[in-house]
Amino acid sequence: MIILLFVNLALAVAFAGLTLLFRESVLDYQLAARAPDGQSREQLALTLWTRPIPILLVGAGYLWIARRLRQGRRGAYLRVRMLSLLGLVAVAYLILSGEYPAWLRVVQGVQLLLLAVLVVAVNRRPMRAAFARSSQVRSSETARRAGGRRAALTLALVAPVVAELTLGTVPLTMIWLVLLYVPMYGAGVLLVRELVRATGGGWPSVLLMGLVYGLVEEGLALQSLTSPHLYGAAGWAPRLLGVNTAYTELNLPYHVLFSVVIPIALVELLFPELGQRPYLGRGGMAGVGVVALLGTGLIRILIPPSADPGYVLPLPALAVILALVGGLTFVALRVLPAKQLPSAKPLPVVRTDSATPAPGVVGVCCALTAFGFMALLFPFGGARQPAFTQGLWVLAPMLAAAVLGVGAALVLRRWSARDGWGDRHRLAAAGGAVLAHTAFGVVANAETTPDRVSLIAMGVLTAVLLTLLGRRLKAIRE
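This is a predicted model, so every value here is computed, not measured.

Parameters and conventions
Residues numbered from 1 in each chain as written. Predicted model: local features only at pLDDT ≥ 70, side-chain atom pairs only at ≥ 80, totals over all residues. Heavy atoms only, no water. Helix = DSSP H or I, 4+ residues; strand = E, 2+ residues; numbered from the N terminus. Buried < 20%, exposed > 50% of the residue type's maximum accessible area, 1.4 Å probe, protein only. Contact = heavy atoms within 4.5 Å. Areas by Shrake-Rupley, 256 points an atom, 1.4 Å probe, with all protein chains shown as cover. Core = buried A, V, L, I, M, F, W, Y, C linked by side-chain atoms within 4.5 Å. Salt bridge = Lys/Arg side-chain N within 4 Å of Asp/Glu carboxyl O. Patch = residues over 30% accessible without salt bridge, like charges linked within 9 Å, V, L, I, M, F, W, Y side chains within 5 Å. Lys, Arg positive; Asp, Glu negative; His and termini not counted. Charge placed at Lys NZ, Arg CZ, Asp CG, Glu CD. Axes fitted to C-alpha atoms, helices over the stretch in contact; angles between N-to-C directions. Parallel < 35°, antiparallel > 145°, perpendicular 65-115°, else oblique. Left-handed = near helix turned anticlockwise from the far one by under 90°. Nonpolar A, V, L, I, M, F, W, Y, C, P; charged D, E, K, R; others polar. Expected span 1.5 Å × (residues − 1). Polar contact = N/O pair within 3.5 Å; in protein donor to acceptor, adjacent residues only side chain to side chain. Disulfide = S-S within 2.5 Å. Phe/Tyr/Trp six-rings, centres within 6.5 Å; stacked < 30°, edge-to-face > 60°. Lys NZ or Arg CZ within 6 Å of the ring centre and 35° of its normal. pLDDT = per-residue confidence, 0-100.

On to the overall build of the chain, then. Counting secondary structure elements, the chain contains 18 helices and zero strands. Looking at the chain as a whole, 45% of its 478 residues are labelled buried. The long-range share in the chain, meaning contacts at least 24 apart out of those at least 6 apart in sequence, stands at 80%. Total accessible area on the chain is roughly 24000 Å²; 71% of this is exposed by carbon and sulfur atoms.

See the structure below:
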């Protein structure tokens, strides 16, 4: 099984090397094949150059999995079963989609055959027996640590899926790019969660650290908050002191909720036995911090130089962003947790006699708020300040979005203070927002019919998974 894993990795490395070595002919083929999509040669070239990055990440993962397989770990065996099947489907899709010339599809065909052999090998009866559940006898402490690692890995995968994949910012034909977001989103959000929980912080601290995350990604890594060219964000609304106002109003709250708060909430609901305890020890947290830092650097060197060549964040803007990051981090990890210590005066929580709304009502309200907030700020169809929004009129949707967001936050704060508020309400709030932003992605981001169909299918799958988690939470409560 280990040999098959590494032979498959070698084929993937060879394929990536061939695409780079013969990139000009590959680009000629892709440019002709994707002419109806309107993708430029530069965009396609960026895809080719970034392809080796996920292979390096997968290779590092294979080394870890191989070591744990030799130790007889059942979790590693289950990951191989999942990865082999997902790889088989992904390679089959690439072959059928005709993304690469015929001679490169031959290499993919060999890889497909190898993955099929791996799927058969890992599911043979002797292999299943060797990694049977009964053979894993572990102490409660070891089991707790393993549960924490599983929760950490789940959060690292859920974060980029919720933030990027379920919105449709990554098209179906480039779904592998999600792997590039794992170091930034996955490790970054996991680091936020571990820092907050390790210092005893609650959801207010998570919200502030979500804002820190957004400032780091958008302000420092992408430079999109101030760039006059990237994504055309400068044309969404009048700029103020060099800041892309509408883009900033949309994306900073987006990262707070969809990149940080919602993934953390979903994973904590998925692993209720761990509560709000840290998932990792100090060594694991340090490793996650290093990966997050490298992921931030990876985004910085890959995207701005090609999408916004020549722009460098001005020193005053850099100083302001760093000051905000430092100040917000101090408040989130030092000031707010100190107020929650038993020796400190507890924060006032207002309990009311009003009935708590049903989870379905909470979900619908959060869905409408999320869709409305994004629709008010997002420039549909690539529009940049159309005639009817010229001048100060463009500030009207920005003001409406701000009122909608603040109003929804106050209502949720009041609802969550009621005695009947529980895990199913939290799930409904998070799930409603996720489904709404997937629906928004179908309208605003999907450019082709396959992308729309895949995004709708993802929304249906998300709804099914949320329903199953809701039933599980209900069963636990009963």
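Before going further, it helps to spend a moment on the nonpolar core. If you look at the biggest cluster of nonpolar residues, it comprises 81 residues, and the most contacted ones within it are Ile262 and Tyr279. By residue number, the principal contributor to this core is helix 11 (residues 245-270), which donates 14 residues. Tyr279 has contacts with Gly148, Arg149, Ala151, Ala152, Leu190, Arg193, Glu194, Val267, Glu268 and Leu274, leaving out every residue within four places of it along the chain. Judged by nonpolar contacts, the second largest core, of 18 residues, contains Leu11, Ile65, Leu114 and Ala121.

The full count for this structure, using the stated rule, is four salt bridges. In this structure, the salt-bridge partner of Glu268 is Arg193, at a minimum N-O distance of 3.0 Å. With Glu268 in helix 11 and Arg193 in helix 9 (residues 178-198), the pair connects residues that are 75 residues apart, well separated along the chain. By relative accessible area, which is 11% here, Glu268 ends up buried.

Side chains of Arg67, Arg73, Arg149 and Arg150 sit close together on the surface and give a patch of like positive charge. By the secondary structure assignment, Arg149 is in helix 8 (residues 140-163).

Let us now look at the packing of helix 10 (residues 203-221) against helix 12 (residues 282-302). Packing of helix 10 against helix 12 brings their axes to within 10 Å, and their N-to-C directions diverge by 30 degrees. In terms of orientation, helix 10 lies roughly parallel with respect to helix 12. Crossing of helix 10 over helix 12 shows right-handed handedness. Between helix 10, through Val216, Leu220 and Ala221, and helix 12, the contact on the second element is made entirely by Thr296, Ile299 and Arg300. Looking at the contact of helix 10 with helix 12 residue by residue, the class counts come to four nonpolar, one polar and one charged.

Let us now look at helix 10. One turn of an α-helix holds 3.6 residues; hence residues three or four places apart share an orientation. Taking 1.5 Å per residue, 19 residues should reach 27 Å; helix 10 reaches 25 Å between its end C-alpha atoms and fits that length. Within helix 10, the full set of buried residues consists of Ser205, Val206, Met209, Gly210, Val212, Tyr213, Gly214, Leu215, Glu217, Glu218, Gly219 and Ala221. Positive backbone phi, at 60 degrees, marks Gln223, one or two positions downstream of helix 10.

Moving on, we get to a nonpolar patch on the surface. Taken together, the side chains of Ile456, Val460, Leu461, Val464, Leu465 and Leu468 define a hydrophobic patch exposed on the protein surface, amounting to about 540 Å² of accessible area. By secondary structure assignment, the location of Leu468 is in helix 18 (residues 449-477). On the accessibility criterion, Leu468 (48% relative accessible area) is partly exposed.

This part takes up the environment of Gln108. On the secondary structure map, Gln108 appears in helix 6 (residues 102-122). Accessibility expressed as a relative area gives 2% for Gln108, which makes it buried. Counting along the chain gives 96 residues from Gln108 to Ala12, while the straight-line C-alpha distance between them is 8.5 Å. With sequence-adjacent residues up to four places away left out, Gln108 is seen in contact with Phe15, Val91, Leu94, Ile95 and Tyr100.

Glancing now at the side chain of Glu218. With respect to the helices, strands and loops of the structure, Glu218 is situated in helix 10. Salt bridges are absent for the buried Glu218, whose nearest opposite-charge side chain, Arg300, sits at 12 Å. For Glu218, the side chain forms a polar contact with the side chain of His255, separated by 2.7 Å. Not counting residues within four places of it along the chain, the set of residues in contact with Glu218 comprises Gln223, Ser224, Leu225, Tyr247, Asn251 and His255.

Attention shifts here to the state of the cysteines. In this structure the tally under the stated criterion is zero disulfides. Cys366 provides the cysteine sulfur closest to Cys365, a residue in no disulfide bond, and the two sulfurs are 6.9 Å apart. What makes Cys365 partly exposed here is its relative accessible area of 32%. The exposure class assigned to Cys366 is buried, which follows from its relative accessible area of 12%.

Turning our eyes to something else, we now look at the packing of aromatic side chains. For the coordinates displayed, the defined rule picks out nine aromatic pairs. On the numbers, 4.8 Å between centres and 5 degrees between planes, the contact of Tyr77 with Phe131 is stacked. Of this pair, Tyr77 sits in helix 5 (residues 74-97) while Phe131 sits in the loop between helix 7 (125-130) and helix 8, and the two are 54 residues apart along the sequence. There is no split in this pair, since Tyr77 and Phe131 are both buried. Taken together, the ring pairs connect Tyr231, Trp236, Tyr247, Phe371, Phe378 and Phe440 into an aromatic cluster. Note that Arg193 overlies the ring of Tyr279, its terminal NZ or CZ placed 3.6 Å from the centroid. Here the basic side chain of Arg197 rests over the ring of Trp203, its NZ or CZ set 4.9 Å away from the ring centre.

The next thing to look at is the confidence of the model for the chain. Of all residues in the chain, 83% have pLDDT values of 70 or greater, and the mean over the chain is 80. This model gives residues 342-350 a pLDDT under 50, and the stretch forms eight contacts once residues within four places in sequence are excluded. Taken as a whole, residues 381-390 scores under 50 in pLDDT and shows 12 contacts with residues more than four places along the chain or in a different chain.

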